[in-house]
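Here is how the chains run, residue by residue.
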There are 2 protein chains.
Amino acid sequence: MSIQGLFPIAKWDFQTESILAGLDAAERDLLLANRQDQVYRKGDTVFREGTFPSGIFYIQKGKIKKFKIDDNRREQIIYVANKGELIGYHALLSQGRHPDSAAALEECMLSFIPADDFLRAIQQSPALSQRLLKTLAHEFAVLANSLSLFTHKSVRERLALQLIVMREKYKDRFEPGMVVAIRLSREDLSNLVGTARENVVRILAEFKREGIISTKGSTILVNDVNKLIAIADYK
Amino acid sequence: MSIQGLFPIAKWDFQTESILAGLDAAERDLLLANRQDQVYRKGDTVFREGTFPSGIFYIQKGKIKKFKIDDNRREQIIYVANKGELIGYHALLSQGRHPDSAAALEECMLSFIPADDFLRAIQQSPALSQRLLKTLAHEFAVLANSLSLFTHKSVRERLALQLIVMREKYKDRFEPGMVVAIRLSREDLSNLVGTARENVVRILAEFKREGIISTKGSTILVNDVNKLIAIADYK
DNA sequence: GGATAAAACTGATAAAAATCACTTTTAAAA
DNA sequence: TTTTAAAAGTGATTTTTATCAGTTTTATCC
């Protein structure tokens with residue numbers, strides 16, 4: 001999905017489509033037959049990079065960050081998954097370990113789907129494997145895009161861009177021109193932008209002075225998306 | 001495949017497996033029935049980001065760079081594909097446009113496979129879609145890893161790392177301790193590392209002084225991979 | 001083999017980002 | 001409600017990277 005439908009190309013295309021949405025009732029039932037619902041509190045780990053998977057997770061409620069931690073214990077957030085998305089399937093598909101870690105950004109409800117059920121569903125449902133192929137190809141486009149952004153955009157531009165993306169993820173109703181509240185720690189935000197926390201704080205202060213955002217406690221309120229778009233899109 | 005089998009984890013895992021290698025003869029024939037062989041000279045474009053695909057390409061000979069160009073015409077190389085790999089399938093799978101461009105790094109021989117043949121082969125061969133799912137999941141791991149490297153490693157570290165990766169791609173025989181010749185312009189190398197050409201040149205000069213590499217014309221000869229590994233892996 | 005255009009290389013300088021050393025504010029617990 | 005630990009915020013400084021303005025070397029075409 002493009003942000004506000006204004007930008008048709010991949011640059012602004014950060015949303016992964018829901019895999020389950022494209023399946024019929026029978027296929028969904030096959031996949032979800034033995035699911036186990038689990039509550040995760042803010043900060044709880046879902047799975048850890050380098051471990052072998054025992055199944056996948058369907059996000060019933062909440063937001064999950066997918067991230068990698070380097071040798072100096074610095075975290076890079078790869079993607080923020082939202083309600084309706086599946087996570088943890090890459091490891092099962094590649095027959096290896098989890099390539100990233102996952103943790104709850106807020107209180108979440110996840111359905112655990114055992115590995116056997118998932119793999120059986122792929123075998124028996126061509127629709128599911130088609131859907132997965134489409135999703136994975138799209139994920140490639142999104143990540144390739146991120147890579148290009150990281151090397152060619154400044155921290156200020158990347159922060160503006162991530163605020164636009166997070167605004168989409170944190171709005172649950174659809175009202176044009178609405179002020180969206182982004183509840184994300186400065187630490188998480190800087191790990192998403194790929195810079196030090198201090199830089200994020202400083203640039204947020206600039207955005208505040210420029211009337212683009214305001215804050216209420218540590219929550220960020222986006223007042224003027226168009227200015228963020230202008231900053232992120234600067235050539 | 002891990003570099004030299006020494007590093008089992010994703011950090012050193014940059015090689016995409018061959019998709020065709022896992023298929024049986026009948027499945028290969030199905031896919032390659034209407035292929036058209038084409039020669040590409042160094043620098044020739046194979047496909048361009050944002051265009052709709054008419055098929056995919058199998059690399060019979062040579063190396064192809066996959067890259068994105070930003071608004072300021074700066075290029076970021078996402079991946080270097082080698083002999084035996086398929087390229088251009090992401091757009092067909094996601095039913096959209098090419099997420100990146102592709103061009104020949106050296107004289108190449110490519111087999112063009114029409115879209116219909118590829119899509120029909122996926123429909124008819126569960127082995128092919130399994131294989132594709134595995135490859136795409138692995139590509140995700142590789143790209144997620146690159147993203148983390150770009151944000152947390154210095155230019156010097158990234159250059160050392162890419163020289164290790166390119167050394168693997170440019171060696172066609174297997175002799176332990178062999179000096180491998182990397183024929184890659186400084187421009188392409190800097191677009192791979194994600195920095196300015198001048199920085200690459202300067203750091204290459206350092207590596208030369210330290211006896212890690214030598215040059216013959218613009219070709220880079222890697223004399224001491226272990227020192228490169230030590231630099232790239234520095235914590 | 002010499003002309004010449006392109007690529008490689010070098011040094012100086014400017015700009016951006018990271019790091020350090022704090023103070024202030026916020027939110028959770030007692 | 002008060003305490004207090006964690007998170008947010010600020011300023012100064014250092015380090016890294018980008019940019020500019022060239023010279024030298026390499027490779028290709030007559």
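Just so you know, these numbers come straight off a predicted model, no measurement behind them.

Draft legend 1. The arrangement of the overall build of chain A in detail. Broken down by element type, chain A carries eight helices and eleven strands. In terms of C-alpha radius of gyration, chain A reaches 18 Å, essentially the compact-globule figure of 18 Å for 235 residues. In terms of its C-alpha atoms, chain A occupies a principal-axis envelope of roughly 55 × 40 × 30 Å. Within chain A, the proportion of its 235 residues that are buried is 58%. In chain A, the share of contacts with a sequence separation of at least 24, taken over all contacts with a separation of at least 6, comes to 72%. In the form shown here, chain A has an accessible surface area of approximately 10300 Å², with 49% of it arising from carbon and sulfur atoms. Seen as two clouds, the 34 positive and the 29 negative side-chain charges of chain A have centres 5 Å apart.

Draft legend 2. The arrangement of the relation of the copies chain B and chain A in detail. Once chain B has been moved 0.0 Å along the axis and rotated by 180°, it coincides with chain A to within an RMSD of 0.0 Å. Look at the turn and shift together and you get a two-fold axis relating the two.

Draft legend 3. Structural context of the protein's contact with DNA strand C. In the vicinity of DNA strand C lie 19 residues, with A:T195, A:E198, A:N199, B:R186 and B:R202 positioned nearest. Contacts to DNA strand C include A:V155, whose backbone N or O atom sits 3.0 Å from a phosphate oxygen. Going through the elements one at a time, α7 (197-209) of chain A together with α6 (186-193) and α7 (197-209) of chain B are the ones with two or more residues in the surface near DNA strand C. The greatest single-element share of the surface near DNA strand C, amounting to five residues, is contributed by α7(B). Partitioning the surface near DNA strand C into residue classes produces four nonpolar, seven polar and eight charged.

Draft legend 4. Inspection of the domain arrangement of chain A at higher detail. Residues and elements named next belong to chain A. Each assigned domain of chain A is listed with its residue range as follows: domain 1 (12-149) and domain 2 (154-232). A separation of 25 Å is found between the C-alpha centroids of domain 1 and domain 2. At the junction of the two partners, domain 1 supplies 14 residues and domain 2 supplies 14 residues. The junction of domain 1 with domain 2 conceals about 1300 Å² of combined surface from both sides, 62% of it contributed by carbon and sulfur atoms.

Draft legend 5. Main features of α7(B). Residues and elements named next belong to chain B. Taking 1.5 Å of rise per residue, 13 residues should cover 18 Å, and α7 covers 19 Å from first to last C-alpha, within 8% of that figure. When α7 is considered as a whole, its buried residues turn out to be V200, I203, L204 and F207. Taken end-on, α7 shows its buried residues confined to a sector of 110°, consistent with a single buried face. Every exposed residue of α7 that faces more than 90 degrees away from the buried side is listed here: R202 and R209. Each element contacted by the buried residues of α7 is listed here: α5 (155-170), α6, β10 (213-216), β11 (219-222) and α8 (225-232).

Draft legend 6. Focus on the protein's contact with DNA strand D. The immediate surroundings of DNA strand D are formed by 19 residues, with A:R186, A:R202, B:T195, B:E198 and B:N199 found nearest. Near the protein, meaning within 4 Å, the atoms of DNA strand D are sugar or phosphate in a fraction of 55%, with bases accounting for the rest. Here a phosphate oxygen of DNA strand D sits 2.6 Å away from a polar atom, N or O, in the side chain of B:N199. A distance of 3.0 Å separates a base oxygen of DNA strand D from a polar side-chain atom of B:R202. When residues of the surface near DNA strand D are traced back to their parent elements, those giving at least two are α6 (186-193) and α7 of chain A together with α7 of chain B. Here the element with the most residues in the surface near DNA strand D is α7(A); it accounts for five residues.

Draft legend 7. Quick peek at the environment of A:A26. The topology assignment puts A:A26 in helix α1 (residues 25-32). Expressed as a C-alpha distance, the spacing of A:A26 and A:I87, which sit 61 residues apart in the sequence, is 21 Å.

Draft legend 8. Just the pattern of salt bridges, in detail. For the structure shown, the criterion picks out 24 salt bridges over all chains. With its nearest N and O atoms 3.8 Å apart, the salt bridge here joins B:E168 to B:R167. Neither residue differs from the other here; B:E168 and B:R167 are each classed as buried. What you see here is one network of salt bridges that share partners, running through A:K65, A:E75 and A:D188.

Draft legend 9. Geometry of the interface of chain B and chain A. Each partner contributes to the interface: chain B provides 43 residues, whereas chain A provides 43 residues. Taking both partners together, chain B and chain A bury about 3900 Å²; carbon and sulfur atoms supply 70% of that area. On inspection of chain B and its partner chain A, the count reaches zero salt bridges. Linking chain B with chain A are four residue pairs in polar contact (both at pLDDT 80 or more), by the criterion used here. At the level of elements, β4 (64-69), β5 (75-81), α2 (89-93), α3 (115-124) and α4 (126-152) of chain B are the ones that each hand at least two residues to the side of chain B that touches chain A.

Draft legend 10. Quick look at the packing of aromatic side chains. All names here are of chain A. Counting across every chain of the model gives four aromatic pairs over all chains. Of the aromatic side chains, those joined through ring pairs into one cluster are F47, F57 and F112. Here the guanidinium or amino end of K63 rests over the ring plane of Y170, the centre of that ring lying 4.3 Å away.

Draft legend 11. View of the environment of B:K216. Residue and element names in this part refer to chain B. Within the element layout of this structure, K216 appears in strand β10. Judged by relative accessible area, K216 falls into the exposed class, the value being 64%. Through-space distance from the C-alpha of K216 to that of T45 is 27 Å; in sequence the pair is 171 residues apart.

Rules used in this analysis
Residues numbered from 1 in each chain as written. Chains lettered and ligands numbered in written order. Predicted model: local features only at pLDDT ≥ 70, side-chain atom pairs only at ≥ 80, totals over all residues. Heavy atoms only, no water. Helix = DSSP H or I, 4+ residues; strand = E, 2+ residues; numbered from the N terminus. Rg over C-alpha atoms; globule rule 2.2 N^0.38 Å. Buried < 20%, exposed > 50% of the residue type's maximum accessible area, 1.4 Å probe, protein only. Contact = heavy atoms within 4.5 Å. Areas by Shrake-Rupley, 256 points an atom, 1.4 Å probe, with all protein chains shown as cover. Lys, Arg positive; Asp, Glu negative; His and termini not counted. Charge placed at Lys NZ, Arg CZ, Asp CG, Glu CD. Least-squares fit on C-alpha atoms with pLDDT ≥ 70 in both. Near = heavy atom within 4 Å. Polar contact = N/O pair within 3.5 Å; in protein donor to acceptor, adjacent residues only side chain to side chain. Nonpolar A, V, L, I, M, F, W, Y, C, P; charged D, E, K, R; others polar. Domains from an automatic or database assignment. Buried area = accessible area lost by both parts, 1.4 Å probe. Expected span 1.5 Å × (residues − 1). Arc of directions from axis to C-beta. Salt bridge = Lys/Arg side-chain N within 4 Å of Asp/Glu carboxyl O. Phe/Tyr/Trp six-rings, centres within 6.5 Å; stacked < 30°, edge-to-face > 60°. Lys NZ or Arg CZ within 6 Å of the ring centre and 35° of its normal.

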